[in-house]
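# Coordinates in review
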Amino acid sequence: MTENIVDVSHFSYSYGELQAVRDISFQVKKGEVFSFLGPNGAGKSTVINTLITLLPLQKGTVQIAGYDLGSDQEKVRQSIGIVFQKITLDKDMKVGETLEFHGSIYQMGSAEKKNRIDELLNLVELSEKADALVSTLSGGMKRRLEIARGLMTRPKVLFLDEPTIGLDPQTRRKTWDYLRSVNKEGTTVFMTTHYMDEADLLSDRIALIDHGQIIIEGTPAELKQSLGNDIIYLDTSDNPRTTEILRDLSGIRKIAAYEGKVAITSEQDGTRLLPEIIREINGQGIDVCAVNLKKPSMDDVFLHYTGTEMRD
Ligand SMILES: Nc1ncnc2c1ncn2[C@@H]1O[C@H](COP(=O)(O)OP(=O)(O)OP(=O)(O)O)[C@@H](O)[C@H]1O
Ligand SMILES: [Mg+2]
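Bear in mind the structure is a predicted one, so any value in this text is a computation, not a measurement. (Residues numbered from 1 in each chain as written. Chains lettered and ligands numbered in written order. Predicted model: local features only at pLDDT ≥ 70, side-chain atom pairs only at ≥ 80, totals over all residues. Heavy atoms only, no water.)

Turning next to the coordination of the magnesium ion (ligand 2). Binding of the magnesium ion (ligand 2) to the protein goes through Ser45 (OG) and Gln85 (OE1), at separations of 2.0 to 2.4 Å. Placement of Ser45 in helix H1 (residues 44-51) and of Gln85 in the loop between strand E6 (80-83) and helix H3 (95-105) is noted, with a sequence separation of 40 residues between them. According to the relative accessible area criterion, Ser45 is partly exposed, its value standing at 22%. (Donors = N, O, S within 2.8 Å, 3.2 Å for Na, K, Ca; no water. Helix = DSSP H or I, 4+ residues; strand = E, 2+ residues; numbered from the N terminus. Buried < 20%, exposed > 50% of the residue type's maximum accessible area, 1.4 Å probe, protein only.)

Laid out in structure tokens, this is it:
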């Protein structure tokens, strides 16, 4: 049995009249990367801020690392690391000092602190910047320092709210690498994001959230699969006959005419079906003029379930 390290049940949250989160339940398994993916205003920060004890628990039950958030806030706090949506570093501190100070707040011993700082600066490739002022770091370096700070106390779960917001594509990729290595070392990662690619590439499981509710939950592959299968678009020297010929081929779920082409929905992996299709119709003396294979992407998933690409 896999252990649930985060267990949220019937959670709701309101800001006065506005109900931001409505009766959501979900679990994060120990060792996984779990993402809340959703558009602006979906309620992601509200949930994560409650879990990290920044907002009061209004309704529902939450267990983190075996502790009850309602009755054991202090223990929860000691079990988690946090990276906020907005940069929260002190600009006038040095990089090493930032981690040093954080360790002191959590009453880490000085030898342990020093070892951990070396280890983490190495992990996020900031060892050379140990004595640099935070104000002199690039945006990506600041993010990496925040991740290191979040990991100072060896948390069981690292919470990150929009870890790569505002970063350039290269720095985002780097940050993903760090998060992967952090996760490989055994830290469970709970993050929120409104980036489809980020959720797709990093997560073991995703909960798609919109208007304060979880719309669908699963592995990235399951979410894409939920939209249907690969679609192959074919243009041939004789589309009507192609349609006839392929009717009896196994592995095809559906054939339809689409914008002057033959659209074929495959049962499973379209990349394996396609060569068979081509062989079949070539064998009947029909030429293939154009081929296009489309796998449902996370963008398609997002669009399908939230009805919008981004809401600003
Ligand atoms: N302090 C607050 N007071 C009143 N309403 C709030 C407050 N914080 C958030 N909200 C509202 O609650 C809803 C959920 O907001 P939340 O910040 O949780 O969304 P989010 O998914 O994190 O969005 P984003 O992607 O923009 O960070 C939104 O309608 C937002 O306007
Ligand atoms: Mg947010």
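So, next bit.
The environment of ligand 1 is formed by 13 residues, the closest being Asn40, Gly41, Lys44, Ser45 and Thr46. The side chain of Gln85 places a nitrogen or oxygen atom 3.1 Å from an oxygen atom of ligand 1. Of all the secondary-structure elements, those providing two or more residues to the shell around ligand 1 are strand E2 (18-29) and H1. It is H1 that provides the largest number of residues to the shell around ligand 1, a total of 3 residues. (Near = heavy atom within 4 Å. Polar contact = N/O pair within 3.5 Å; in protein donor to acceptor, adjacent residues only side chain to side chain.)

One pass over the structure, following the stated rule, counts 21 salt bridges. Residue Glu198 pairs with Arg172 through a salt bridge whose shortest N-O separation is 3.7 Å. One end of the pair, Glu198, is in helix H7 (residues 196-202); the other, Arg172, is in helix H6 (residues 169-184), and 26 residues separate them in sequence. Taking the relative accessible area as the measure of exposure, Glu198 reaches 0% and is therefore buried. The exposure class of Arg172 is buried, given its relative accessible area of 10%. By sharing partners, the salt bridges in this structure join Asp230, Asp269, Arg272 and Lys295 into a single network. (Salt bridge = Lys/Arg side-chain N within 4 Å of Asp/Glu carboxyl O.)

Turning our attention to the sheet that holds strand E11 (residues 231-236). The sheet built from 4 strands is open, its strands ordered E12-E13-E11-E14 with antiparallel pairing. Edge positions in the sheet fall to strand E12 (252-258) and strand E14 (288-294), since each has one partner strand and no second. On average, each strand axis in the sheet is tilted by 20 degrees relative to the strand beside it, whichever way the strands run. Here 6 bridges tie E11 to E14, and the two strands are oriented antiparallel to one another. Each bridged residue has a counterpart across the sheet, and for Thr236 the counterpart in E14 is Val288. (Pairing = 2+ DSSP bridges. Axes fitted to C-alpha atoms, helices over the stretch in contact; angles between N-to-C directions.)

Turning to the packing of aromatic side chains, a few remarks are in order. Enumeration over the complete set of coordinates arrives at 9 aromatic pairs. Note on Phe26 and Phe34: the rings are 5.5 Å apart at their centroids and 5 degrees apart in plane angle, and the pair reads as stacked. When its relative accessible area of 0% is taken as the criterion, Phe34 is described as buried. Connected via pairs of aromatic rings, a cluster forms that spans Phe26, Phe34, Phe36, Phe159 and Phe190. The positively charged end of Arg172 is found above the aromatic ring belonging to Tyr195, 4.1 Å away from the centroid. (Phe/Tyr/Trp six-rings, centres within 6.5 Å; stacked < 30°, edge-to-face > 60°. Lys NZ or Arg CZ within 6 Å of the ring centre and 35° of its normal.)

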